[in-house]
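# Observations on the model geometry
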Amino acid sequence: MDLRMLGMATDSDAATARQLLEAAWQARELARAPVSGFRVGAAALDAQGDVHLGYNVEFAGAPLGETLHAEHAAVAVARRYAAAQKRGDLKIDVIAVTATPCGHCRQMLAERFPHIQIVLGDRGGAAEPTVLSLKEDLLPRAVTFDLLANPSKLALCAKDLEASVSAPKNLGATVLTEALSSFVSADARFSGWPRACVFVSDAGQSLATGSCMESVAFNPSQGCFQTALMALASEAQHLSRHGLPITLDAPSALQALASSMEKVRKVVLVQYQGALVDDQVIVEHLSSKVFSATTSTLWVAKPETGNE
Ligand SMILES: [Zn+2]
């Protein structure tokens, strides 16, 4: 499917572009932009025909760099879904966005989905959506990195790490397992210093997990707190759906996420002892701002065979 060939494309390709764009505009209704008021929605279509919604999130009282963009959010939701479905490889062919992607998002997409197409356009516009090639139209000569040539340095399994963890007191076995699973699935292949976090309820149950998603240029990289927040949102708001078109009940979805967020009492961060990339301060800050939650850190002893 090459949606750019809309003039010659099948009616179904054109319909896909329109419906994906409509889904992005619906996702935009969920955005949280207390600083800028600028709301963005995104909808990513993967190779299996599943659609993953994302929206931007700004954190009042936190550094601007912690802002989550809609495209990053949609990819985080898609990664989580692929992991839950035990799909090895995530392939996103098309992403619709309600605003032109910024340079950061172009870079992130280029690293993971170099052949992705970008659909842009007004909501319910009379004109057909604009479909662009990321590689040819939006980011030629990208700083690229062959991910396959640089497999993750984290060839570990969660079980192997359990013995090397100094766990905070009162941390349940399930939370520990989920924390370590999230840690080993972190996309930290550029720094070699993974970070993950778990949102925990009053009853000590894991509500959502997230892990970092790095960029070859380091900045922009997505923090583990933000991906865990999108996991919580994805669970509450059903941000992954199969097939188009999508109908979102935004007020109900907002209410569902608010209810889920109220349950978060503690955030558990996982990282290596002596980490050169240390998220502790920022995760503590975001946890207190977003949830009024406390943070505890699970320190993992770095294996001898880990990172150089
Ligand atoms: Zn962006």
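Further up the page is the structure itself.
For the structure given in this document, a descriptive report is provided here. (Residues numbered from 1 in each chain as written. Predicted model: local features only at pLDDT ≥ 70, side-chain atom pairs only at ≥ 80, totals over all residues.)

Attention shifts here to the overall build of the protein chain. Across its full length, the protein chain carries nine helices and eleven strands. Within the protein chain, buried positions represent 44% of all 308 residues. For the protein chain, the share of sequence-separated contacts (at least 6 apart) that also reach a separation of at least 24 residues comes to 65%. (Helix = DSSP H or I, 4+ residues; strand = E, 2+ residues; numbered from the N terminus. Buried ≥ 20, exposed ≤ 12 C-beta atoms within 10 Å, placed from the backbone. Contact = placed C-beta atoms within 7 Å.)

As a further point, take helix α2 (residues 70-84). When the terminal C-alpha atoms of α2 are compared, their 21 Å separation across 15 residues agrees well with the 21 Å that a helix rising 1.5 Å per residue should span. Burial analysis of α2 places 13 of its 15 residues in the buried class, the great majority of the element. (Expected span 1.5 Å × (residues − 1).)

A separate point is unusual backbone geometry. The omega torsion across L244 and P245 is 0°, close enough to zero to call that bond cis. Note that P245 resides in the loop between β9 (240-242) and α8 (250-262). For R141, which is not a glycine, the phi torsion comes out positive at approximately 55°. Along the polypeptide, R141 turns up in the loop between α4 (134-138) and α5 (158-161). Here S292, not a glycine, exhibits a phi torsion of approximately 50°, which is positive.

Our focus in this paragraph is the pairing of strand β2 (residues 50-55). The buried count for β2 comes to five of six residues, which makes it a mostly enclosed element. The pairing of strand β1 (residues 41-46) with β2 spans five bridges and is classified as antiparallel. Paired with G41 across the two strands is Y55, which belongs to β2. Taking the residues between adjacent antiparallel strands as the criterion, β1 and β2 are bridged by three residues, where G49 takes a positive phi near 85°. Where β2 meets β9, three bridges bridge the pair, whose relative direction is antiparallel. Note on β9: the bridge partner recorded for V51 is R241. (Pairing = 2+ DSSP bridges.)

Attention now goes to the sheet that holds strand β7 (residues 195-201). Where strands meet in a sheet, backbone hydrogen bonds hold them as pairs that are either parallel or antiparallel. Taken in spatial order, the five strands line up as β6-β11-β10-β7-β8 in an open sheet, and their pairing is mixed. For this open sheet the edge positions go to β6 (165-166) and β8 (206-211), each flanked by a neighbour on one side alone. As paired elements, β7 and strand β10 (residues 264-272) share seven bridges and run antiparallel to each other. Note that in β10 the partner of V198 across the bridge is V268. Lying on the sheet, helix α7 (residues 224-237) is in contact with β7 and β8; it crosses β8 at an angle near 135°. Against the sheet, helix α9 (residues 280-291) contacts β7, β10 and β11 (294-300), and its axis sits at roughly 170° relative to β10. (Axes fitted to C-alpha atoms, helices over the stretch in contact; angles between N-to-C directions.)

Ordered by their spatial adjacency, six strands build an open sheet running β5-β4-β3-β1-β2-β9, and the pairing between neighbours is mixed. The open sheet has two edge strands, β5 (130-133) and β9, and neither has a second partner. Taken pair by pair, the neighbouring strands of this sheet meet at an average axis angle of 25°, ignoring direction. Each of β1, β2, β3 (92-97), β4 (117-120) and β5 is contacted by helix α1 (residues 11-28), which is oriented at about 140° to β1, the strand it contacts most.

Let's shift gears to the nonpolar core. Grouped together as the largest cluster of nonpolar side chains are 88 residues, with contacts concentrated most on A42, A43, A74, I95 and C197. Residues from two domains meet in this core; each of domain 1 (12-141) and domain 2 (158-300) gives at least three. Excluding anything up to four places from it in sequence, C197 contacts G210, C224, F225, A228, V267, V268, L269, V270 and V283. (Core = buried A, V, L, I, M, F, W, Y, C linked by C-beta atoms within 7 Å. Domains from an automatic or database assignment.)

Here α2 crosses α7 at 70°, and the two axes come no closer than 9 Å. Considering the angle they form, α2 stands roughly perpendicular to α7. Handedness of the α2/α7 crossing: right-handed. The segment α2 lies against α7, with A73, A76, V77 and R80 engaging T227, M230, A231 and S234. Looking at the contact of α2 with α7 residue by residue, the class counts come to five nonpolar, two polar and one charged. (Parallel < 35°, antiparallel > 145°, perpendicular 65-115°, else oblique. Left-handed = near helix turned anticlockwise from the far one by under 90°. Nonpolar A, V, L, I, M, F, W, Y, C, P; charged D, E, K, R; others polar.)

The analysis is restricted to geometry; functional conclusions fall outside its scope.
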